[in-house]
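Here is how the chains run, residue by residue.
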Amino acid sequence: MPLIQIDLIEGRTDSEIKLLLDTIHEVLVETFEIPINDRFQILHQHPANEMIIEDTGLGFKRSQNVVVLSITSRQRKEKQKVDFYQKVVQALTNRCGIAPEDIMISITINEQADWSFGFGRAQFLTGEL
């Protein structure tokens, strides 16, 4: 049930976007051990002037191919997060041609009470999930 928001600069084809989304999901299934149909992805495309993603002093430059992954999830083990970072960068580089320095990831943790999947119910609390 992680909710993934993907921000990128506009200009990719539909097939490039599908491959990007599929790749991210496959790595999440593997590293976060979620069911295959537990897929919640929102993609935002922006004009280049609407995304300023600098290197935070690490000494590298990003290209117009930058991808920012913002993940909201229940608590995960530190190893799962580190494995996700490494594996998703490798997969996006190999499958989508995105340079490792162009991939930024942020994970925000929340609790069971912070989710409602519909019908105005907190399914984790009601026992439905």
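Located above this text is the structure these notes cover.
Analysis parameters
Residues numbered from 1 in each chain as written. Predicted model: local features only at pLDDT ≥ 70, side-chain atom pairs only at ≥ 80, totals over all residues. Heavy atoms only, no water. Patch = residues over 30% accessible without salt bridge, like charges linked within 9 Å, V, L, I, M, F, W, Y side chains within 5 Å. Areas by Shrake-Rupley, 256 points an atom, 1.4 Å probe, with all protein chains shown as cover. Salt bridge = Lys/Arg side-chain N within 4 Å of Asp/Glu carboxyl O. Helix = DSSP H or I, 4+ residues; strand = E, 2+ residues; numbered from the N terminus. Buried < 20%, exposed > 50% of the residue type's maximum accessible area, 1.4 Å probe, protein only. Pairing = 2+ DSSP bridges. Axes fitted to C-alpha atoms, helices over the stretch in contact; angles between N-to-C directions. Contact = heavy atoms within 4.5 Å. Core = buried A, V, L, I, M, F, W, Y, C linked by side-chain atoms within 4.5 Å. Phe/Tyr/Trp six-rings, centres within 6.5 Å; stacked < 30°, edge-to-face > 60°. Lys NZ or Arg CZ within 6 Å of the ring centre and 35° of its normal.

S.K.: Looking at this structure, I do not really get a nonpolar patch on the surface. What am I missing?
M.R.: Together, Phe 40, Phe 117 and Leu 129 make up a nonpolar patch on the protein surface, roughly 270 Å² of accessible area in all. With respect to the element layout, Leu 129 can be found in the segment after helix 3 (123-126).

S.K.: Looking at this structure, how should I read the pattern of salt bridges?
M.R.: It is possible for side chains of opposite charge to pair when their charged atoms get near one another. Enumeration over the complete set of coordinates arrives at six salt bridges. Between Arg 39 and Asp 22 there is a salt bridge whose closest N-O contact spans 2.7 Å. Remark: Asp 22 occurs in helix 1 (residues 14-32) and Arg 39 occurs in the loop between helix 1 and strand 2 (40-46); sequence separation between them is 17 residues. Overall, the relative accessible area of 34% leaves Arg 39 in the partly exposed class. In this structure, Glu 128 and Arg 121 form a salt bridge, with 3.0 Å as the shortest nitrogen-oxygen distance. Exposure remark for Arg 121: the relative accessible area of 36% places this residue in the partly exposed category. Several salt bridges converge on common partners, so that one network encompasses Lys 18, Asp 22 and Arg 39.

S.K.: Is there a simple way to think about the pairing of strand 3 (residues 67-74) in this case?
M.R.: Regular strands show a simple pattern: their side chains alternate between the two faces of the sheet. As judged from the six bridges shared by strand 1 (residues 3-9) and strand 3, these two strands associate in the antiparallel manner. Paired with Leu 3 across the two strands is Thr 72, which belongs to strand 3. With eight bridges joining them, strand 3 and strand 4 (residues 103-110) adopt parallel strand pairing. Within strand 4, the residue paired with Val 68 across the bridge is Met 104.

S.K.: How do you make sense of the sheet that holds strand 1 when you look at a structure like this?
M.R.: Where strands meet in a sheet, backbone hydrogen bonds hold them as pairs that are either parallel or antiparallel. Read from one edge of the open sheet, four strands run 2-1-3-4, paired in mixed fashion. Two strands bound the open sheet, and with one partner strand each, they are strand 2 and strand 4. Taking the axes of each pair of neighbouring strands and ignoring which way they run, one obtains an average angle of 15 degrees across the sheet. Seen against the sheet, helix 1 touches strand 1, strand 2, strand 3 and strand 4 and runs at an angle of roughly 140 degrees to strand 2.

S.K.: Looking at this structure, how should I read the nonpolar core?
M.R.: Generally speaking, nonpolar side chains in soluble globular proteins are found buried as a group. Residues Ile 6, Leu 20, Ile 24, Phe 84 and Val 88 are the most contacted members of the largest nonpolar core, which totals 23 residues. Among the secondary structure elements, those contributing two or more residues to this core are strand 1, helix 1, strand 3, helix 2 (78-96) and strand 4. The element that contributes the greatest number of residues to this core is helix 1, accounting for eight residues. Excluding anything up to four places from it in sequence, Ile 24 contacts Ile 4, Ile 6, Gln 41, Leu 69, Phe 84, Val 88 and Leu 92.

S.K.: Where do I start with the environment of Thr 72 in this structure?
M.R.: By the secondary structure assignment, Thr 72 is in strand 3. Taking the C-alpha atoms as reference points, Thr 72 and Ala 122, separated by 50 residues in sequence, lie 16 Å from one another. Setting aside its immediate chain neighbours within four residues, Thr 72 contacts Met 1, Pro 2, Leu 3, Thr 108, Asn 110 and Trp 115.

S.K.: Would you take a moment to explain the packing of aromatic side chains for this structure?
M.R.: Two aromatic rings are characterised by how far apart their centres lie and by the angle between their planes. A full pass over the atoms with the stated rule returns four aromatic pairs. Centre to centre, the rings of Phe 32 and Phe 84 are 5.6 Å apart; their planes meet at 50 degrees, and the pair counts as tilted. Of this pair, Phe 32 sits in helix 1 while Phe 84 sits in helix 2, and the two are 52 residues apart along the sequence. No difference in accessibility class separates Phe 32 from Phe 84, as the two residues are buried. Put simply, the rings of Phe 40, Trp 115, Phe 117 and Phe 124 touch in pairs and so form one group of aromatic residues. Sitting above the plane of the Phe 124 ring, Arg 74 keeps its charged end 4.2 Å from the centroid.

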